[in-house]
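Read off the chains here:
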Amino acid sequence: KKSIVKFIEDISVNNVNFSYTGEQPNGTFNFEIIGKCVNPKNCQHTSSGSIVGDIGFAIIFIVIICAGLYFGLGALVMHLRGAKGLELIPHFQFWTDLPFLVRDGCLWSVHPCIHRCRNEKETAYAELM
C-alpha cells in the first residue's frame, strides 16, 4: 500500500486540518494537510518558542544561579569558621534529611487517598468492644 500526502498552505486557516480524500483503484490512499505553516520554509514565525517557555527558562536559570551562590558562598563562610570536609556544606543536616522529608510528605499527602480506595474507615481512636 502507498499513501500520498498533499500539503496545502492556507493563511486563512488557524488550525492544521488533516483529511482523508479517498483511495485510488491501485490501493493508494490520498490525504490532505491544510494549515498556515505546513511548509516550514514559507512560515513567517519570528521566534520558535513562546513566552511561557522563555519565562520557564528564566526561572530555572535564576534558581540554578541562586543555588550556586548559596552553596558557594555558604561553603566559603563555613570554611572561614573552620569547617572541613562535608561540614563545608551549609545546613548539611537539612540536605541529608531532605530525601526522607520529601518521602514523608508524599506519603502524608497520598495517605487519605489510599484509605478511600480501600474503603477503610480512618478513625482517630481505637475501637472498643
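Note on numbering: residues in each chain are counted from 1, in written sequence order. Since the coordinates come from a predicted model, pLDDT governs what is reported: local features require at least 70, and pairs of side-chain atoms require 80 or more to be given and counted, while whole-chain, interface and lining totals use all residues. Side-chain numbers come from the whole structure's heavy atoms, not from hydrogens or water.

Participant: Got a sec to walk through the overall build of the protein? Specific residues and values, please.
Facilitator: Regarding its fold elements, the protein presents 2 helices and 3 strands. Each helix corresponds to a stretch of at least 4 residues labelled H or I by DSSP, and each strand to a stretch of at least 2 residues labelled E; elements are numbered beginning at the N terminus. In sequence order, the protein lays out its α and β elements as β-β-β-α-α. Taking all 129 residues of the protein together, the buried fraction comes to 11%. In what follows, a contact means two residues having at least one pair of non-hydrogen atoms within 4.5 Å. Contacts in the protein between residues far apart in sequence, at least 24 positions, make up 40% of those at least 6 positions apart. About 11300 Å² of surface is accessible on the protein, with carbon and sulfur atoms providing 65% of the total. Burial classification: accessible surface area is computed with a 1.4 Å probe over protein chains only, and a residue below 20% of its type maximum counts as buried, one above 50% as exposed, and the rest as partly exposed. Residue exposure ignores everything except the shown protein chains as possible cover, and the areas themselves are Shrake-Rupley values with a 1.4 Å probe.

Participant: Give a detailed account of the pairing of strand β3 (residues 28–35), specifying residues and quantitative values.
Facilitator: At least two bridges found by DSSP between two strands is the condition for calling them paired. In this sheet, β3 lies alongside strand β1 (residues 2–9) in parallel orientation, the contact comprising 8 bridges. Following the sheet pairing, Ser-3 is matched in β3 by Phe-29. Where strand β2 (residues 17–23) and β3 come together, 6 bridges link them in antiparallel fashion. Its bridge partner lying in β3, Tyr-20 is registered against Phe-31.

Participant: For the side chain of Asn-30, give the residues involved together with the corresponding values.
Facilitator: With respect to the helices, strands and loops of the structure, Asn-30 is situated in strand β3. Leave out the neighbours within four places in its chain, and Asn-30 touches Ile-4, Ser-19, Tyr-20, Thr-21, Gly-22 and Gln-24.

Participant: Quick one: what's the story with the side chain of Thr-28, residue by residue and with numbers?
Facilitator: Turning to its location among the elements, Thr-28 is positioned in strand β3. Judged by its relative accessible area of 4%, Thr-28 is buried. Side-chain polar atoms of Thr-28 contact the side chain of Asn-26, separated by 2.9 Å. If we ignore the near neighbours within four places in the chain, the residues touching Thr-28 are Lys-2, Ile-4, Gly-22 and Glu-23. For the purposes of these results, a polar contact is taken to be a pair of N or O atoms within 3.5 Å, where, inside protein, one atom must be able to donate a hydrogen and its partner to accept one; residues adjacent in sequence count only when each atom of the pair is a side-chain atom.

Participant: For the packing of aromatic side chains, give the residues involved together with the corresponding values.
Facilitator: We call Phe, Tyr and Trp rings a pair once their centres come within 6.5 Å, taking the six-membered ring for Trp, and we label the pair stacked below 30 degrees between planes, edge-to-face above 60, and tilted otherwise. Scanning the entire structure with this criterion turns up 8 aromatic pairs. Ring centres 6.2 Å apart and planes at 65° place the aromatic pair Tyr-70 and Trp-95 in the edge-to-face group. Remark: Trp-95 occurs in helix α2 (residues 92–117) and Tyr-70 occurs in helix α1 (residues 51–80); sequence separation between them is 25 residues. On the basis of relative accessible area, Trp-95 is assigned to the partly exposed category, the value being 34%. Each ring, one from Phe-71 and one from Trp-95, has its centre 5.3 Å from the other, and the planes form 50°; the classification is tilted. A residue pair is termed long-range when its members are at least 10 positions apart, and Phe-71 in helix α1 and Trp-95 in helix α2 qualify at 24 residues. Here the aromatic residues Phe-18, Tyr-20, Phe-29 and Phe-31 are joined through ring pairs into a cluster of three or more.

Participant: Could you give me a rundown of the sheet that holds β1, with the residues and numbers involved?
Facilitator: Strand order in the open sheet formed by 3 strands is β1-β3-β2, and the pairing between neighbours is mixed. Two strands lie at the open edges of the sheet, namely β1 and β2, each paired on one side alone. Put simply, the sheet's adjacent strands are angled 20° from each other on average, direction ignored. Angular values range over 0 to 180 degrees, each being the angle between N-to-C directions of two axes fitted as lines to C-alpha atoms, with helices fitted over their stretch in contact.

Participant: Describe the environment of Asn-17, with residues and values.
Facilitator: Note that Asn-17 resides in strand β2. Judged by its relative accessible area of 39%, Asn-17 is partly exposed. A C-alpha to C-alpha distance of 5.1 Å links Asn-17 and Ile-34, two positions 17 residues apart in sequence. Contact partners of Asn-17, with chain neighbours within four places excluded, come to Glu-32, Ile-33 and Ile-34.

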